[in-house]
Amino acid sequence: MEKLKYERPIIKSLNTGLMNKFGTKTEYNALTHIDGVAVRDIIKDYGSPTFVYSEKKIRDNYQDAKRAFETRYPKVQFAWSYKTCYLNAVCNIYHQEGSWAEVVSRFEYDKAINNGVPGNKIIFNGPEKTEDDLTTAVKNDSLIHIDHFDELYLLTRIAENLKKKPRVAIRVNMDTGIYPIWDRFGFNYESGQAWEAITKIIISDKLNLVGLHCHIGTYMLSTNAYAIAASKLSDLALGIKQKFNKRIEYLDLGGGFPSKNTLKGSYQVAADYIPEISEFADAICNTLLNMGFPYDELPFLYLETGRALIDDAGFLLGSVIANKRLSDGRKATIMDFGVNLMFTSFWYDHKITPAQPFGYHTEDTVLYGPLCMNIDVVRENINLPPLNKSDQVVVHYVGAYCITQSMQFIALRPNVVLIDTRGQTHVIKSSDDLAILEQNEKKPAHLQSIENE
Ligand SMILES: *Cc1c(COP(=O)(O)O)cnc(C)c1O
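Note that this is a predicted model, so its numbers are computed, not measured.

When two helices pack together, their arrangement is given by the angle between the helix axes and the distance between those axes. As a packed pair, helix 2 (residues 55-70) and helix 3 (residues 88-96) sit with axes 10 Å apart at the nearest point and diverge in direction by 40°. As judged from the angle between their axes, helix 2 and helix 3 are oblique. Seen along the crossing, helix 2 lies across helix 3 with a hand that is right-handed. Contact residues: helix 2 offers Glu55, Ile58, Arg59 and Tyr62, while helix 3 offers Val90, Ile93, Tyr94 and Gln96. Class assignment for the residues of the contact of helix 2 with helix 3 results in 5 nonpolar, 1 polar and 2 charged.

This is how it looks when you write it as structure tokens:
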């Protein structure tokens, strides 16, 4: 018989099976399959860790959200927020479903063009658009959302030079009862700054003001904040009609609906308290319908929803590297994924479940990542069954931002796999390797070798 490994004894209170206020904990039910594909097989074929996306879940989420809005309002258009996840395969699922593209940088803009999105179905947001970026967007007839006066003046000059009248919107920031206000983007509503921008655009007659845009925050838990935003944008649109006899074609309410991830410090799990998309749809659509637009002049409603459409369609599969006892007796488990792949673990308590069946004993555990960096903590405290070296886990709700914000610090970025609607797996991004890491490095002649000249 193999000799058992020695572990220093500790004293700890046993609370196995204790109920909390909501009953027994279920957070750690094993998840052995995703869309019918065994986690074990994915790790065998594609390595550990691996990101996995469910095409079915992406399409279901999109269709549910679209239905929620379209059953309440006649003119709705979604635009996929590229920065939330700009893997081309993922973007193309949304585009196949009818979504436009919403981008906030030039390379995202170029990605959308390369994916085949027509220029006039790209919304170009963000504070950083160069003269060349704007010129390209004008030539392609894209919707340019102006962030500040300097951009307005630059775009006006470009339009004059090109003898074109670009289609634009202004981004508006406002008090929606959520603090701190996101007032660093766009023109302020309450101070009159938004009106100043609107008036300048219309009077100079060089740009075609077709829309009004806001993105009031992210992971917003208040549906009422969206009702306020919709009423303030409507108020501007109705005012523009009255004052300049100009009709605003669309109101873009941005993104920001919450995903199922639980914020740190929250007592309940998010799935139990976040509003449904349909509740946001109610708040927004009822407001728009009640603002007094003549029925045949209702503006289009554009939405740039990101995380709420994709977070729960993404999983991270990983394995245990080792177990440890910390000096205070706490159990610690080291995983092969960390904050390099889950930047989001700085503000979420990600749901993590074992990928194989287990017994009933559980223990509070600190989950660390593999990096040589003290802040590489995946969960400060999670109740898990004992996991052995090489045991596998599934991290839930990592579809949004984890890949776009991932870093190649110390560890290489892993494969990303898509499970299609027939249960077939496809690599949609291969793992980094040393060659990719070094492809843009250059060594000056005198540093070609480690021999001194
Ligand atoms: C990030 C962003 C979005 C998407 O936000 P989510 O919180 O992921 O829904 C939409 N619009 C703009 C302008 C953004 O910057």
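Now that the structure is up, let's keep going.
This brings us to the nonpolar core. Counting residues in each nonpolar core, the largest one holds 98 residues, and the members touching the most others are Tyr53, Phe69, Ile170, Leu212, Leu253 and Ile284. Among the elements that take part in this core, helix 8 (residues 223-244) stands out by supplying 8 residues, more than any other. Shared between two domains, this core holds at least three residues of each, these being domain 1 (19-50 + 312-433) and domain 2 (55-310). Ignoring any residue separated from it by four or fewer positions in sequence, one finds Leu253 in contact with Cys214, Tyr226, Ala229, Ala230, Leu233, Ile284, Leu301, Tyr302 and Leu303.

Closest axis-to-axis distance for the helix 8/helix 9 (residues 277-290) pair is 8 Å, and the angle between their directions is 25°. With respect to each other, helix 8 and helix 9 are oriented roughly parallel. Remark: the crossing between helix 8 and helix 9 carries right-handed chirality. Here Thr223, Tyr226, Ala227, Ala230, Ser231 and Ser234 of helix 8 come into contact with helix 9, specifically with Glu279, Phe280, Ala283, Ile284, Thr287 and Leu288.

Both strand 21 (residues 416-419) and strand 22 (residues 425-429) contribute to a ladder of 4 bridges, which runs antiparallel. Residue pairing in the sheet places Val416 in a bridge with Lys429 of strand 22. The turn linking strand 21 back onto strand 22 is made up of 5 residues, and Gly423 within it adopts a positive phi angle of 85°.

Tracing the backbone through its elements, the reader meets His215 in the loop between strand 10 (208-213) and helix 8. The class of His215 is buried, set by a relative accessible area of 16%.

With respect to spatial proximity, 16 residues lie near the ligand, and among them Lys83, Thr218, Gly256, Glu304 and Tyr401 are the closest. Between an oxygen atom of the ligand and a side-chain N or O atom of Thr84, the distance comes to 3.5 Å. Arg307 places a polar main-chain atom, nitrogen or oxygen, 2.9 Å from an oxygen atom of the ligand. A total of 390 Å² of accessible area belongs to the ligand in isolation, and the protein chains cover 94% of it. Of the residues that constitute the shell around the ligand, the class distribution is 1 nonpolar, 10 polar and 5 charged.

A few words now on helix 7 (residues 193-204). Counted at 1.5 Å a residue, the expected span for helix 7 with its 12 residues is 16 Å, and the 17 Å between its end C-alpha atoms agrees. Residues of helix 7 that are buried: Ala194, Ala197, Ile198, Ile201 and Ile202. The buried residues of helix 7 occupy one face: seen down the axis, they fall within an arc of 120°. Its buried side turned inward, helix 7 meets strand 7 (143-146), helix 6 (149-162), strand 8 (167-173), strand 9 (187-188), strand 10 and helix 8. In the segment just after helix 7, Asp205 is the residue with positive phi, at about 65°.

Using the residue numbers shown here, the UniProt feature "domain: Orn/DAP/Arg decarboxylase 2 N-terminal" (unreviewed entry) corresponds to residues 60-309. Helix makes up 41% of residues 60-309 and strand 16%. Its end C-alpha atoms lie 9 Å apart.

Below, the discussion takes up the domain arrangement of the protein. Interfaces are often described in size by the accessible area the parts lose on coming together. Partitioning the protein into domains gives domain 1 (19-50 + 312-433) and domain 2 (55-310). Computed over C-alpha atoms, the centres of domain 1 and domain 2 are 33 Å apart. Three residues, Asp312, Tyr348 and Tyr401, lead the burial of domain 1 against domain 2; their summed loss comes to 27% of the area buried on that side. Linking domain 1 with domain 2 are 3 salt bridges, by the criterion used here. Between Glu380 and Lys264 there is a salt bridge; the shortest N-O distance is 3.2 Å. On inspection of domain 1 and its partner domain 2, the count reaches 14 residue pairs in polar contact (both at pLDDT 80 or more). Here the element with the most residues in the side of domain 1 that touches domain 2 is strand 21; it accounts for 3 residues. For the side of domain 1 that touches domain 2, a count of residues per class yields 13 nonpolar, 7 polar and 7 charged.

Cut-offs and rules
- Residues numbered from 1 in each chain as written.
- Predicted model: local features only at pLDDT ≥ 70, side-chain atom pairs only at ≥ 80, totals over all residues.
- Heavy atoms only, no water.
- Axes fitted to C-alpha atoms, helices over the stretch in contact; angles between N-to-C directions.
- Helix = DSSP H or I, 4+ residues; strand = E, 2+ residues; numbered from the N terminus.
- Parallel < 35°, antiparallel > 145°, perpendicular 65-115°, else oblique.
- Left-handed = near helix turned anticlockwise from the far one by under 90°.
- Contact = heavy atoms within 4.5 Å.
- Nonpolar A, V, L, I, M, F, W, Y, C, P; charged D, E, K, R; others polar.
- Core = buried A, V, L, I, M, F, W, Y, C linked by side-chain atoms within 4.5 Å.
- Buried < 20%, exposed > 50% of the residue type's maximum accessible area, 1.4 Å probe, protein only.
- Domains from an automatic or database assignment.
- Pairing = 2+ DSSP bridges.
- Near = heavy atom within 4 Å.
- Polar contact = N/O pair within 3.5 Å; in protein donor to acceptor, adjacent residues only side chain to side chain.
- Areas by Shrake-Rupley, 256 points an atom, 1.4 Å probe, with all protein chains shown as cover.
- Expected span 1.5 Å × (residues − 1).
- Arc of directions from axis to C-beta.
- UniProt positions renumbered as here; feature names shortened; annotations may be inferred.
- Buried area = accessible area lost by both parts, 1.4 Å probe.
- Salt bridge = Lys/Arg side-chain N within 4 Å of Asp/Glu carboxyl O.

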